[in-house]
Amino acid sequence: MGDPSVLPMVYAEPSTRPQAYNTNSALVGARQPVPRCPPQPDLGIVVELQCAGGPGSEHDETRLITRAWTKIPLFDDNNMLLAGRFKLPLRMVPIKPFVPSNDLSQIPQYGESEIYYRIVHMNEAGIHATSTIADTNSVTYQLAPQGGIVLHQTTISPVMIPPPPSASPPHSPYHSRLDNYPVRGNPNMEPLVGFQVDRVKNAEPGEGKVRLSVYYSSTGKVAQSGIGPVTCSTTAVRSNFKQGYHVFGQQEASFSDVQLQGDMMLIARFYLKKKTPGPEDVHFDNPEASPYEDETLVAWTALPLVQTHLRDLTARSRMEFDPSHMRINTGTHTLKLFQPPTPEASRIPFEDVAYNREWKPYGKSTLRIHIFQGVARPGSLTPSELSSDGEDTIPEFAWLPLDRKRPPSEPYISGDGFDVYIDGCRFLPDSVTFTKVAGRVLDRKYEVYGKDILTSVKLDSDIYNPIYEHKEEFREPNIPPSSTLLLKIYTVDSFYKKLTVVGYATINIFVETGTERQPNVDKNAMEISLNTGAHQLRLYSQGPNGVDPLSEGSLRNANIRLIPCASVLVRIVKVPKGPNGKPLESNKVPQSDWLRLGLWQPRPKYSDRVYYSMKCVPLKGENKMLHGMMKRPKIPTRDAVATHAQAKEGFMRSDKNMEQYIKNQLTKTVDSKPLEQDLNFICQYNPKHGFKISIDSAVNVPWSNFTHGHICINPPGAFYLGAPHATYDKLVFTEAVDLRSTNTSPAWRDGFKHYPRRSYHRFLTAVIHLQEIFVSASKENYKYGLLEQAWTVVQIFKENYAYTSAFQLPLFQGSPNQQFLKQLAREPSKEWMERNIRSKNIKLLEGASLYIRICDGRREDELVTDVPMNRLVGVNTDYIPRGLEEKYGREKPGRALGSLVPQGKTSEQFVENLAIKFKSLVYKLYEEGNVSKS
């Protein structure tokens, strides 16, 4: 009954439960209402588990494949709802939905996987909605009353085996070095055991190696294989292209004919040559000096190489490898690192290594390795480095939600007047110094009413959260109902050192009585009310166009980019009246009476939650930026003035002098136009969040077939360095070609590709490489091949900020080489491009260009999709050669890609297969050494 429901996709993360050692868990946190459900004992919910990666996904590791299933019972034999917290083993496929729940025990369990769920009565749903969902709460779930039994199920618990001596074992002629490609012995010789080293996370910066050794715990000797001792080491890598990581690129070693014992313990040692790398120090050259002096051993960890489900085995019984209850501890393992010295192998327990309190952790560092038997695991060991970091939630008091409960209903009569208070701003961009607010009341035709608003700023207030405490009185009798207050925030930009408009904000002065609607006509008979209250208004990067009628929604409805996180606090207040019934004016009342008569209302604290803020609800990315902005050091306005003015100390002691200086600097001159806010300088780059790149479309490509592309980040430019470096930093490919686009102007629907944890490098660039793919159909299959190619580059950072913009980039013929990449790592990419075009070292693909978007990893929401088709999006064309702008602005006609799809395939199948084939063809060229290196 009912249609299938697809629950949200989530990432699997290492379990946080001590008893769930070496397992992963995925928190779903979804609920499914089931209304009007008849009570029937045989009614149940069939749950299907789909996972990415693993067997069958070698060519596309992001593809979801059905791996397991189970059936959740709903009612018992008395038709009573089985309410409570339960867990059920997940079963091996194929799915058998009609199997009774009590017969599920006959179907083998899928590994040790289980599903945890709750069934509640509908009238208790509200209570359970607030329950905390966490891995550590698993003990509160009991085995389901039906279908929870597992027959012939072997329970695996980690068998911990002791490690080696603290000193490095002596080198031997059999000592092998991990390679990026498998070096296998005779595949018929069993058993074959192999190791892949992925990365060390959160270690100190420098150059590091990992050395693996397997020991027999009973004797402390190194285990033996058919090619010698089971010991190997990685090549040295540096921690400078991905912050906090030493990436080893799945360096691999395998050992055939290993002499297995049940007490084998794998010891991993991490050696580090500490140093502070410079900005140009991102490469893979191996130094001649060995980092293997004793003092460079900084961490170690251990893992039993053999698992058994039997407990309390004696040391003697472990010496024999008994396949009836023992197996190699295969799989991906994330291991906690400990400080030296490394204990002897015989002194390391076989259980709970990660929770041993005798060893001091090496900070929060971990090592991730993969152990395999027989066949190496293809593909990446890194499904995701993203996990909940607490920054998806809004920091306390950064934004407080408040909506007006009832719209204004008191009629406004012409001549009543009103006061406007400009209280302050919140979370202005990094580039501000000292600021002021200017404003005007305008009708829908841009006619001005009343005085101009020009604030000063409190010298002791924070430049990012300035306080103005300015009031402006409006007593004009003829202010029309459609009036809008337009505000501008001015600053002297800290990067450009010029007068700049930080942003614009609007608010309607009146509403139609009893509603929240702004009047859009100016009829005298219309009943209106003053839009009273405290308002938090968003800042936008551009003002109204001066042509369309002005309203409160002019900026929002025009899709103008907002200034992330920034807002201005405004109050519109009703004016008190005197004994004669006329509105009071402050210049006619002694200042000592202002507060008593209501002519001055003190600025409330934002934490008082009085500002209507629902038009400033933070976007998901803004939540993350607010965390960073909350950590900015507070800079008093007077300090910013002193830094900018560089005047003598005596001048700066006078507040009057400083206020006059601010006024002079923020006054617009007749012959100069203020700059607009540079939207790149909002919040400084944070490597934890990284950056994102989207390849959107190409224009005027002189090809007749399909086109796909890939992105390589330089430095290190790993793919173009040739073997074995590509696995250190893998390519990112386009996959979803848009069949509605043409062969000359192909487009892709992939959206943003995320690059988290990327270290800042002044000249970091994205190298984007396009290739033409031809497809020919034979009788029973299709042939794919690569033809022409083109490439381009774009710089990721501007100062210490990630570009957040759309770009049009010229395309060059051929492919990049290593010499180009080395040069690009040492100078701005735009200057490099101009110089090499002039010297004809690179040749333009005439008129052909690529549209891409780059953004800080927290700012994806700000950039609209379909850049070339959306004329409202500002595109950065700085890379287009001067004098050729017109040529790059024309688009040539082409054939729709959908018409090129061979017969016999659906569009979806073809798009998917084309992406898979493109990846395999690119890597085939790489393995054959056809990547340009000249």
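With that out of the way, let us pick up the packing of aromatic side chains. A complete count under the given rule lists 31 aromatic pairs for this structure. Each ring, one from Phe-195 and one from Phe-255, has its centre 6.3 Å from the other, and the planes form 65°; the classification is edge-to-face. Of this pair, Phe-195 sits in strand β9 (residues 193–201) while Phe-255 is found in strand β15 (residues 245–255), placing the two residues 60 residues apart along the sequence. The residues Phe-195 and Phe-255 share a single accessibility class, namely buried. Note on Trp-300 and Phe-338: the rings are 5.4 Å apart at their centroids and 40° apart in plane angle, and the pair reads as tilted. One end of the pair, Trp-300, is in strand β17 (residues 297–304); the other, Phe-338, is in strand β20 (residues 331–338), and 38 residues separate them in sequence. Three or more aromatic residues link up through ring pairs in this structure, and these residues are Tyr-685, Phe-691, Tyr-755, Tyr-760 and Phe-797. Taking the ring centre of Tyr-141 as reference, the NZ or CZ of Arg-85 above it sits at 5.4 Å.

What follows deals with the packing of helix α6 (residues 637–645) against helix α8 (residues 655–665). Following both chains from N to C, one finds α6 and α8 inclined at 70°, their axes separated by 11 Å at the closest point. As judged from the angle between their axes, α6 and α8 are roughly perpendicular. In terms of crossing hand, the pair formed by α6 and α8 is left-handed. From α6, Thr-637, Arg-638, Val-641, Ala-642, His-644 and Ala-645 reach across to α8, where they touch Asp-655, Met-658, Tyr-661, Ile-662 and Gln-665. Of the residues that constitute the contact of α6 with α8, the class distribution is 6 nonpolar, 3 polar and 2 charged.

The next point concerns unusual backbone geometry. Going from Pro-340 to Pro-341, the amide bond is cis rather than trans, its omega being 10°. When you line up the elements, Pro-341 lands in the loop between β20 and β21 (361–373). Put simply, Pro-715 and Pro-716 share a cis peptide bond, and its omega is 15°. With respect to the element layout, Pro-716 can be found in the loop between β35 (706–714) and β36 (732–733). In this structure, Asn-202 is a non-glycine residue whose phi angle is positive, near 65°. By the element assignment, Asn-202 lies in the loop between β9 and β10 (206–216). The phi dihedral of Lys-497 falls on the positive side, at around 60°, and the residue is not glycine. Residue position: Lys-497 is located in the loop between β26 (484–492) and β27 (499–508). Judged by relative accessible area, Lys-497 falls into the exposed class, the value being 56%.

Turning to the nonpolar core, a few remarks are in order. It is characteristic of soluble globular proteins that their nonpolar side chains tend to be buried jointly. Counting residues in hydrophobic clusters, the biggest one holds 65 residues, and the most contacted among them are Phe-691, Phe-706, Leu-850 and Ile-852. If you tally residues by element for this core, the top one is helix α12 (residues 907–927), at 7 residues.

It is worth spelling out the pairing of strand β43 (residues 844–856) at this point. Among the 13 residues in β43, 12 count as buried, and that is most of the element. Pairing geometry for strand β42 (residues 805–813) and β43, over 7 bridges, is antiparallel. Opposite Pro-810, over in β43, you have Ser-849 as the bridge partner.

The subject of this paragraph is empty space enclosed by the protein. Scanning all chains against the criterion turns up 6 cavities of 30 Å³ or more. Roughly 100 Å³ of internal volume is contained in the largest cavity. Lining of the largest cavity is provided by 13 residues; of these, Trp-399, Gln-536, Cys-565, Cys-616 and Pro-618 occupy positions nearest its centre. Of all the secondary structure elements, the ones that give two or more residues to the lining of the largest cavity are β30 (533–540), β31 (562–574) and α5 (620–630). For the lining of the largest cavity, the leading source of residues is β31, giving 3 residues. For the lining of the largest cavity, the per-class residue count stands at 8 nonpolar, 2 polar and 3 charged. There is about 50 Å³ of room inside the second largest cavity. Along its surface, the second largest cavity is lined by 11 residues, and Asn-240, Phe-241, Pro-715, Ser-759 and Leu-764 are the ones closest to its centre.

The rules we used
- Residues numbered from 1 in each chain as written.
- Predicted model: local features only at pLDDT ≥ 70, side-chain atom pairs only at ≥ 80, totals over all residues.
- Heavy atoms only, no water.
- Phe/Tyr/Trp six-rings, centres within 6.5 Å; stacked < 30°, edge-to-face > 60°.
- Helix = DSSP H or I, 4+ residues; strand = E, 2+ residues; numbered from the N terminus.
- Buried < 20%, exposed > 50% of the residue type's maximum accessible area, 1.4 Å probe, protein only.
- Lys NZ or Arg CZ within 6 Å of the ring centre and 35° of its normal.
- Axes fitted to C-alpha atoms, helices over the stretch in contact; angles between N-to-C directions.
- Parallel < 35°, antiparallel > 145°, perpendicular 65-115°, else oblique.
- Left-handed = near helix turned anticlockwise from the far one by under 90°.
- Contact = heavy atoms within 4.5 Å.
- Nonpolar A, V, L, I, M, F, W, Y, C, P; charged D, E, K, R; others polar.
- Core = buried A, V, L, I, M, F, W, Y, C linked by side-chain atoms within 4.5 Å.
- Pairing = 2+ DSSP bridges.
- 1 Å grid on protein atoms, 1.4 Å probe; cavity = no way out; pocket = protein on both sides within 12 Å on 5 of 7 lines; lining within 4 Å.
- Points joined across faces, edges and corners; volume = space filled by probe spheres on them.

As far as function goes, none of this settles anything; it's purely spatial.
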